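Chain and residue survey
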Amino acid sequence: MIIAVIVAIALCGVAYYFLVYQQSNYYTQIDNSKIASIPETGGMKYEYTLDCYSENGKK
């Protein structure tokens, strides 16, 4: 039972590390020529389909 608790705590720690410290930032620029009308759901009337890039310029 003690080993199971230790393993569970370790798994939570690893998950926390990847969720908090292994974040990636992606960048895009809004281009209004890429806007498309969609059926309204939850107040949203439009959607964009845009490319995003990492800090290293990877698409």
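Scroll up for the structure.
Let me begin by describing the structure that accompanies this report. (Residues numbered from 1 in each chain as written. Predicted model: local features only at pLDDT ≥ 70, side-chain atom pairs only at ≥ 80, totals over all residues. Heavy atoms only, no water.)

Section: the overall build of the chain
Helices and strands together make up the secondary structure of the chain, namely 1 helix and 4 strands. Each helix and strand of the chain, ordered N terminal to C terminal, gives the series α-β-β-β-β. In terms of C-alpha radius of gyration, the chain reaches 20 Å, well past the compact-globule figure of 10 Å for 59 residues. When burial is assessed residue by residue, the chain has 2% of its 59 residues classed as buried. A fraction of 30% describes how many contacts in the chain between residues 6 or more apart in sequence connect residues 24 or more apart. By element, 60% of the accessible surface of the chain is carried by carbon and sulfur atoms, the whole surface being about 5600 Å². One way to put it: in the chain the 4 positive side-chain charges average out to a point 5 Å from where the 5 negative ones average out. (Helix = DSSP H or I, 4+ residues; strand = E, 2+ residues; numbered from the N terminus. Rg over C-alpha atoms; globule rule 2.2 N^0.38 Å. Buried < 20%, exposed > 50% of the residue type's maximum accessible area, 1.4 Å probe, protein only. Contact = heavy atoms within 4.5 Å. Areas by Shrake-Rupley, 256 points an atom, 1.4 Å probe, with all protein chains shown as cover. Lys, Arg positive; Asp, Glu negative; His and termini not counted. Charge placed at Lys NZ, Arg CZ, Asp CG, Glu CD.)

Some words on the environment of Gly42
Tracing the backbone through its elements, the reader meets Gly42 in the loop between strand S2 (35-41) and strand S3 (44-48). With 10 residues separating them in the primary sequence, Gly42 and Asn32 have C-alpha atoms 21 Å apart.

Digging into the pairing of S3
Of the strand pairs in this sheet, S2 and S3 are connected by 4 bridges, and their pairing is antiparallel. Directly across from Thr41, in S3, lies its bridge partner Met44. Counted between consecutive antiparallel strands, the loop separating S2 from S3 contains 2 residues, among which Gly42 sits at a positive phi close to 65°. (Pairing = 2+ DSSP bridges.)

With respect to a nonpolar patch on the surface
On the surface, a cluster of nonpolar side chains totalling about 770 Å² of accessible area is made up of Val14, Tyr16, Tyr17, Phe18, Leu19, Val20 and Tyr21. Positionally, Phe18 belongs in helix H1 (residues 2-20). A relative accessible area of 52% places Phe18 in the exposed class. (Patch = residues over 30% accessible without salt bridge, like charges linked within 9 Å, V, L, I, M, F, W, Y side chains within 5 Å. Salt bridge = Lys/Arg side-chain N within 4 Å of Asp/Glu carboxyl O.)

Concerning the pattern of salt bridges
Side chains carrying opposite charge are able to pair once their charged atoms draw close together. Applying the stated criterion across every chain, the model contains 1 salt bridge. Among the ionic pairs, Lys59 bridges to Asp51, the shortest N-O distance being 3.3 Å.

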